[in-house]
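Fold and contact review
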Amino acid sequence: MTATAAQANQSTCVNYIGNHHYVVGPKVKAACGNKALTMPLGKTPNPYCLVGLVQIHVKSEDAQAACIRA
């Protein structure tokens with residue numbers, strides 16, 4: 001069985017956070033479940049993803065990079 005695109009994107013976001021030495025738990029997974037928004041010039045982070053990660057003390061630049069991957 002393979003992951004859907006949404007699950008793969010969530011996993012990429014979660015893995016990014018884990019690879020940057022943050023503890024990955026349900027709050028990270030929930031935040032990363034808010035997929036990036038597709039704009040005319042590319043992807044932009046979902047505000048719900050950003051807020052969710054920043055609220056659990058992920059640096060804003062790490063949250064930004066992770067949420068673009070969501």
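Preceding this section is the structure that the text describes.
The sections below set out a description of the structure shown in this document.

Right, let's get into the side chain of N46. One can find N46 in the loop between β2 (42–44) and α3 (47–55). A residue is classified by how much of its surface remains accessible, and N46, at 10% relative accessible area, is buried. Once you skip the residues sitting within four places of it in the chain, N46 turns out to touch N34, K35, A36 and L37.

With that out of the way, let us pick up the nonpolar core. C13, I17, V28, L53, V58 and A66 are the most contacted members of the largest nonpolar core, which totals 16 residues. Contributions of two or more residues to this core are made by α1 (5–19), α2 (26–32), α3 and α4 (60–69). Not counting residues within four places of it along the chain, the set of residues in contact with A66 comprises C13, Y16, I17 and L53.

Contact pair α3 / α4: the axes reach a minimum separation of 9 Å and the direction vectors enclose 140°. Considered as vectors, α3 and α4 are oriented oblique to each other. Here α3 and α4 pass one another in a crossing that is right-handed. Facing α3, whose interface residues are C49, L50, L53 and V54, α4 presents S60, A63, Q64, A66 and C67. Taken together, the residues of the contact of α3 with α4 sort by class into seven nonpolar, two polar and no charged.

Okay, the state of the cysteines next. One pass over the full model with this rule turns up two disulfides. The residue that forms a disulfide with C13 is C32, at a sulfur-sulfur distance of 2.0 Å. When the S-S torsion is -60°, as for the bridge of C13 with C32, the disulfide is left-handed. Of this pair, C13 sits in helix α1 while C32 is found in helix α2, placing the two residues 19 residues apart along the sequence. Residue classification places C32 among the buried residues on the basis of a relative accessible area of 1%. Disulfide partner of C49: C67, at an S-S distance of 2.1 Å. Every disulfide takes its handedness from the sign of the S-S torsion; for C49 and C67 that torsion is -85°, giving left-handed. Placement of C49 in helix α3 and of C67 in helix α4 is noted, with a sequence separation of 18 residues between them.

How each quantity is defined
- Residues numbered from 1 in each chain as written.
- Predicted model: local features only at pLDDT ≥ 70, side-chain atom pairs only at ≥ 80, totals over all residues.
- Heavy atoms only, no water.
- Helix = DSSP H or I, 4+ residues; strand = E, 2+ residues; numbered from the N terminus.
- Buried < 20%, exposed > 50% of the residue type's maximum accessible area, 1.4 Å probe, protein only.
- Contact = heavy atoms within 4.5 Å.
- Core = buried A, V, L, I, M, F, W, Y, C linked by side-chain atoms within 4.5 Å.
- Axes fitted to C-alpha atoms, helices over the stretch in contact; angles between N-to-C directions.
- Parallel < 35°, antiparallel > 145°, perpendicular 65-115°, else oblique.
- Left-handed = near helix turned anticlockwise from the far one by under 90°.
- Nonpolar A, V, L, I, M, F, W, Y, C, P; charged D, E, K, R; others polar.
- Disulfide = S-S within 2.5 Å.

That's the geometry; what it means functionally is another story.
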